[in-house]
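Okay, here's what each chain looks like letter by letter:
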Amino acid sequence: MAVKVRVPTPLRRFTAGVDEVTADGDSIKAVLDDLDRRHPGMRERLLDDNGELRRFVNVYLNGDDIRFLNQLSSKVKDGDDISIVPAIAGGR
Amino acid sequence: MSYVTNLKCRECGQEYPISPLHVCETCFGPLEVGYDYAKIRAAISRAIIERRPHNLWRYRELLPVEGEPQIGPYSGFTPLLKAERLGAELGIKKLYIKDDTVNHPTLSYKDRVVSVAISKAREFGFTTVSCASTGNLATAVAAHAARAGLNCVIFMPEGVETGKVVGSTIYGARVITIRGNYDDVNRLCSEIADKYGWAFVNINLRPYYTEGAKTFGFEVAEQLGWRTPDHIVVPTAGGTILPKVAKGFKEFKEVGLLRESEFKIHCAQAAGSAPVIHALHKGTDLITPVKPDTIAKSIAIGNPADGYYVLKAVRESGGWGDVATDPEIIDAIKLLAATEGIFAEPAGGTTLAVTIKLIAQKRIKPDESVVVSITGNGYKTVEAVAQSIEQPFIIEARLREFDALYERLGGTRRALAGAA
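Keep in mind the model is a prediction, meaning the values are calculated, not measured. (Residues numbered from 1 in each chain as written. Chains lettered and ligands numbered in written order. Predicted model: local features only at pLDDT ≥ 70, side-chain atom pairs only at ≥ 80, totals over all residues.)

Quick notes on the sheet that holds strand β3 (residues 57-61) of chain A
Item 1. If you trace the 5 strands from one edge of the open sheet to the other, you get β2-β1-β5-β3-β4 (chain A), paired in mixed fashion. Either end of the sheet is taken by a strand with one partner, and the two such strands are β2 (20-24) and β4 (64-65) of chain A.
Item 2. In this sheet, strand β5 (residues 81-86) of chain A lies alongside strand β1 (residues 2-6) of chain A in parallel orientation, the contact comprising 3 bridges. Within β5(A), the position partnered with A:Arg6 by the bridge is A:Ser83.
Item 3. Docked against the sheet, helix α1 (residues 28-38) of chain A engages β1, β2, β3 and β5 of chain A, running at close to 115° with respect to β2(A).
Item 4. This element, helix α7 (residues 182-196) of chain B, spans β1, β3 and β5 of chain A of the sheet and lies at about 85° to β5(A). (Pairing = 2+ DSSP bridges. Helix = DSSP H or I, 4+ residues; strand = E, 2+ residues; numbered from the N terminus. Contact = placed C-beta atoms within 7 Å. Axes fitted to C-alpha atoms, helices over the stretch in contact; angles between N-to-C directions.)

Structure follows, in structure tokens:
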């Protein structure tokens, strides 16, 4: 399953400055694992020691917050869009 | 000259230079402005502040701008009213309303945060400013940008009140409405800020923007005679203002303007958008986002960026919080208007309704001082209450028609006035 992943500025040092990369996997978790294989160091930035998403990281699958889906186990299909977005933003 | 030292990650402590950055590259934590408090302590006093003009820049040493402030010369220093009639109604002797319904120029607390953010946008050399907004922020950014001569692009969710859409466009801002809720707008804007490099006041200028919210707390403390209230009730949407009010009280003590800084800070959310209150009541740190559904559109944020820090500030102070349903919000708006002559938007109704609950729960006691934070103006959100108030009586311009109405409404002057 090849998916597109949008990479926010704080993570682009792992992707040589590229803002959109491809990765493989049938779930969000698998995609993040694959991202880390292709761009070593990324997983540590996104997941805490227990393998959970860090507090200030939001992940969207085709525009939906994965916390409204099945969290990291959310299923991913070929051609899906994934966005990694820092949680710190906003205020009315 | 400024007393700012750097940007610092609130989570891991990593430091960054003063720049349009808002997220820590290591842990994604929020960046916060650091100050040299020892130097500020030596430079300011109550007397110095009291001699300055009545605007938010009277606390400039504790705000992150360089040079003489140019933006928002009339913003801030809104009234702190002793609410005698409302207090009598609720059985509270020392009840105060901090009234940002009359903030200049756009009638909400957002004029504070935007004054700081636009100052910073100019310092950094941006020519276009932008924001993701449920309305109040939009009007503030549009107005302050106009006066500063900057271009302005506003992003809003669909369904925002007409007053807030018109009240942004009128200043020459371009308004883009997104099919979705605020959280969808916010996510899109995070990506746009990243890609286009515009100054989004509440995204890449967020560390500076949020500092402006401290002035709400600074003013409360000064206006109470340089002391903190026993209780302050603050509405929560994205979670900007509540932690910053608490921070403001603490900073005042840190720099020697207050001897004590003892207060309980309480959080108010609309029942239809209450992820922070859910976590508070469950006793967890983990905030589960919700899909908002409330008439309080200005606080309809289901995925609050700073919700975690709201929980922290409330718990550290020994405060609490609760929710208000739509009917409770409307009743509270009407009560505030009828007793104190202040017309609040639904966020203000939420805050008063929650204050009433905290009094009923005996968390706020009759002899303690309470500040109710009213952060936005009801004239921008008339839709919210238009159907819940008495409709006007229509008569011809003939005395006998009025005579008939007078009889119909009870036949005494008192009965007629009681309709209000």
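A closer look at helix α13 (residues 326-340) of chain B
Residue and element names in this part refer to chain B.
Item 1. Here α13 spans 21 Å end to end across 15 residues, near enough to the 21 Å set by a 1.5 Å rise per residue.
Item 2. Those residues of α13 lying buried are Ile 329, Ile 330, Ala 332, Ile 333, Leu 336 and Glu 340. The buried side chains of α13 occupy one side of the element, clustering within an arc of 160° when seen end-on.
Item 3. Of the residues flanking the end of α13, it is Gly 341, one or two places downstream, whose phi is positive at about 70°. (Expected span 1.5 Å × (residues − 1). Buried ≥ 20, exposed ≤ 12 C-beta atoms within 10 Å, placed from the backbone. Arc of directions from axis to C-beta.)

Quick look at the pairing of β3(A)
A regular strand places its side chains on the two faces of the sheet in alternate fashion.
All names here are of chain A.
Item 1. Of all 5 residues in β3, 5 are buried, a share of seventy percent or more.
Item 2. Residues Val 57, Val 59 and Leu 61 point to one face of β3 and Asn 58 and Tyr 60 to the other, with burial holding for every one of them.
Item 3. Sheet topology note: the β3/β5 ladder contains 5 bridges and is antiparallel. Bridged to Val 57 within β5 is Pro 86.
Item 4. Counted between consecutive antiparallel strands, the loop separating β3 from β4 contains 2 residues, among which Asn 62 sits at a positive phi close to 45°.

Quick notes on unusual backbone geometry
Residues and elements named next belong to chain B.
Item 1. The linkage connecting His 104 with the following residue, Pro 105, adopts the cis geometry, with an omega of 0°.
Item 2. With respect to the helices, strands and loops of the structure, Pro 105 is situated in the loop between β5 (94-99) and α4 (110-124).
Item 3. In this structure, Phe 77 is a non-glycine residue whose phi angle is positive, near 45°.
Item 4. Tracing the chain through its elements places Phe 77 in the loop between α2 (46-50) and β4 (80-82).

What to know about the nonpolar core
Residue and element names in this part refer to chain B.
Item 1. Ala 117, Val 129, Val 141, Ile 154, Phe 200, Val 201 and Val 245 are the most contacted members of the largest nonpolar core, which has 149 residues in total.
Item 2. No other element matches helix α5 (residues 136-148), which puts 7 residues into this core.
Item 3. Mapping this core onto the domain boundaries places at least three of its residues in each of domain 1 (80-107 + 213-386) and domain 2 (110-211).
Item 4. Setting aside residues up to four positions removed in sequence, Val 141 forms contacts with Val 114, Val 129, Cys 131, Cys 152, Ile 154 and Val 201. (Core = buried A, V, L, I, M, F, W, Y, C linked by C-beta atoms within 7 Å. Domains from an automatic or database assignment.)

Let's talk about the sheet that holds strand β10 (residues 231-235) of chain B
Residue and element names in this part refer to chain B.
Item 1. Strand order in this open sheet of 6 strands is β4-β5-β13-β10-β11-β12, and the pairing throughout is mixed. Looking at strand neighbours, the two that pair on one side only are β4 and β12 (321-324), the edges of this open sheet. Going from strand to strand, the sheet's axes swing by 25° on average, the running direction of each strand aside.
Item 2. Direction of pairing for β10 relative to strand β13 (residues 369-374): parallel, over a ladder of 3 bridges.

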